[in-house]
Amino acid sequence: MPEAAIDVLFPLPAEEGIGDQRIADLYAADAAATWLRVNFVSSIDGAATRQGLSGGLSDDADRRVFEILRRLCDVVVVGAGTVRAEGYGAMRVDEVSQRARREKGMTAHPVFAIVSASLDLDPASPIFRDAPERPIIVTTQLSRADTREALAEVADVVICGEERVEPHRLVDVLVARGLNRIHCEGGPHLFGDLIAAGAVDELCVTIGATLEAGVASRISAGAAPILPVGMRLAHVLRSGDTLLLRYVRRG
């Protein structure tokens, strides 16, 4: 199947039919040595899911960029609720991405970091059993000690807060392990916590050309920052009627 054609609308001059390396360069621009990127898909009326899943809103262009963003990062961070709902498996990228990562001196696959206060995770899951890199589980002091011990057999379990996972402690733990390029794929409550803590450096959001209505959530939920976080539009890509937007923090 031919890959989805993607054009650059902004910054000017516009470009048509760009390749994967050009896409990767656009998403790597302006990123500091330590960087937290969040990636979501949304309908034009603000729905973050279709029938409860974000994957229902995705298309070929979104999936193409999704894979490239994983190619660029050291670690993929996902909330446990999203891991369960979206049916995540072991964190692996395709062969093209593996080669590109090795050429840059990176591991063939990014590390998978799962954020979970309840530790409702199965140690026998393929997420852990088939992991090419040992996963990390980020939890709280109030999580069950016996469950932490069981999961420690298949992952590195770290505590980043008393009752809730504290975003800055999460970032510090990852950076201390050399995982500086942090890529978060949700869910909305984790994104909301990251926004409230001022930890988000970048948002990449795909806008699918559908009206969903219903009761679907937004891409962020929960806590709010004291003041809104100002973002700057870095680029606009288009594939048919789909827009792929990248925003970076002002200043």
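Up top is the structure these notes are about.
On a predicted model such as this, the values are computed, not experimentally measured, just so you know. (Residues numbered from 1 in each chain as written. Predicted model: local features only at pLDDT ≥ 70, side-chain atom pairs only at ≥ 80, totals over all residues. Heavy atoms only, no water.)

Participant: Describe in detail the side chain of Thr-140, supporting the description with residues and values.
Facilitator: When you line up the elements, Thr-140 lands in the loop between β5 (136-139) and α6 (145-151). For Thr-140, a relative accessible area of 1% puts it in the buried group. When neighbours within four sequence positions are excluded, Thr-140 is seen to be in contact with Ser-116, Ala-117, Arg-148, Ile-159, Gly-161, Glu-162, Glu-163, Arg-164 and Val-165. (Helix = DSSP H or I, 4+ residues; strand = E, 2+ residues; numbered from the N terminus. Buried < 20%, exposed > 50% of the residue type's maximum accessible area, 1.4 Å probe, protein only. Contact = heavy atoms within 4.5 Å.)

Participant: Tell me about empty space enclosed by the protein, and name the residues and values.
Facilitator: Under the defined criterion, the tally for this structure stands at one cavity of 30 Å³ or more. Its boundaries defined by the atoms lining it, the largest cavity holds a volume of some 30 Å³. Lining the largest cavity we find Tyr-27, Asn-39, Val-65, Cys-204, Val-205, Thr-206, Leu-244 and Leu-245. In terms of residue count, the dominant contributor to the lining of the largest cavity is strand β8 (residues 202-208) (three residues). Tallied by class, the residues present in the lining of the largest cavity amount to six nonpolar, two polar and no charged. (1 Å grid on protein atoms, 1.4 Å probe; cavity = no way out; pocket = protein on both sides within 12 Å on 5 of 7 lines; lining within 4 Å. Points joined across faces, edges and corners; volume = space filled by probe spheres on them. Nonpolar A, V, L, I, M, F, W, Y, C, P; charged D, E, K, R; others polar.)

Participant: Please give an account of the pairing of β5 that cites residues and values.
Facilitator: For a regular strand, the rule is simple: side chains alternate between the two faces of the sheet. Across the two faces of β5 the burial is the same, with Ile-136 and Val-138 and Ile-137 and Thr-139 all buried. Bridge count for strand β4 (residues 111-115) against β5 is three bridges, and the pairing is parallel. Looking at the pairing, Ile-114 lines up with Ile-137 of β5. In this structure, β5 lies alongside strand β6 (residues 156-159), joined through four bridges in parallel fashion. In the strand pairing of β6, Ile-136 is matched with Asp-156. The β-α-β motif built from β5, the intervening α6 and the parallel element β6 has right-handed crossover chirality. (Pairing = 2+ DSSP bridges. Right-handed = clockwise from strand over helix to strand, strands pointing away.)

Participant: Can you lay out helix α1 (residues 20-28) for me, pointing to particular residues and giving the numbers?
Facilitator: Taken residue by residue, α1 has Ile-23, Ala-24, Leu-26 and Tyr-27 as its buried positions. Projection of α1 onto a plane perpendicular to its axis shows the buried side chains occupying an angular sector of 160°, all on one side. Turning to α1, the residues buried within the fold contact β1 (7-10), β2 (35-43), α2 (60-72), β8, β9 (231-239) and β10 (242-249). (Arc of directions from axis to C-beta.)

Participant: So what about the environment of Ala-28? Which residues, and what values?
Facilitator: Along the polypeptide, Ala-28 turns up in helix α1. Linking Ala-28 and Gly-56, residues 28 residues apart in sequence, is a C-alpha distance of 27 Å.

Participant: Pulling in residues and values, what's your account of the pairing of β4?
Facilitator: Extensive coverage of β4 is indicated by the burial of five of its five residues. In this sheet, β4 lies alongside strand β3 (residues 75-79) in parallel orientation, the contact comprising five bridges. Residue pairing across strands places Gly-79 opposite Val-115, the latter belonging to β4.

Participant: An account of the packing of aromatic side chains is requested, with residue identities and associated values reported.
Facilitator: Taken as a whole and judged by the stated rule, the model has two aromatic pairs. Centroid distance Phe-40 to Phe-191: 5.3 Å. Interplanar angle 25°. Geometry classified as stacked. Of this pair, Phe-40 sits in strand β2 while Phe-191 sits in helix α8 (residues 188-196), and the two are 151 residues apart along the sequence. Given the relative accessible area of 8%, Phe-40 is considered buried. (Phe/Tyr/Trp six-rings, centres within 6.5 Å; stacked < 30°, edge-to-face > 60°.)

Participant: Would you mind going over the layout of surface pockets in detail, with residue names and values included?
Facilitator: Estimated volume of the largest pocket: approximately 500 Å³. Lining of the largest pocket is provided by 22 residues; of these, Ser-54, Gly-55, Glu-86, Tyr-88 and Glu-185 occupy positions nearest its centre. When contributions to the lining of the largest pocket are tallied by element, the ones reaching two or more residues are β2, α2 and α3 (80-86).

Participant: Residues and numbers for the packing of α1 against α2, please.
Facilitator: Between α1 and α2, whose axes approach to 10 Å, the crossing angle comes to 60°. The orientation of α1 relative to α2 falls into the category oblique. Crossing of α1 over α2 shows right-handed handedness. Residues Asp-20, Ile-23, Ala-24, Tyr-27 and Ala-28 of α1 touch α2, and the partners they reach there are Arg-64, Val-65, Ile-68, Leu-69, Arg-71 and Leu-72. Residues of the contact of α1 with α2, tallied by class, amount to eight nonpolar, no polar and three charged. (Axes fitted to C-alpha atoms, helices over the stretch in contact; angles between N-to-C directions. Parallel < 35°, antiparallel > 145°, perpendicular 65-115°, else oblique. Left-handed = near helix turned anticlockwise from the far one by under 90°.)

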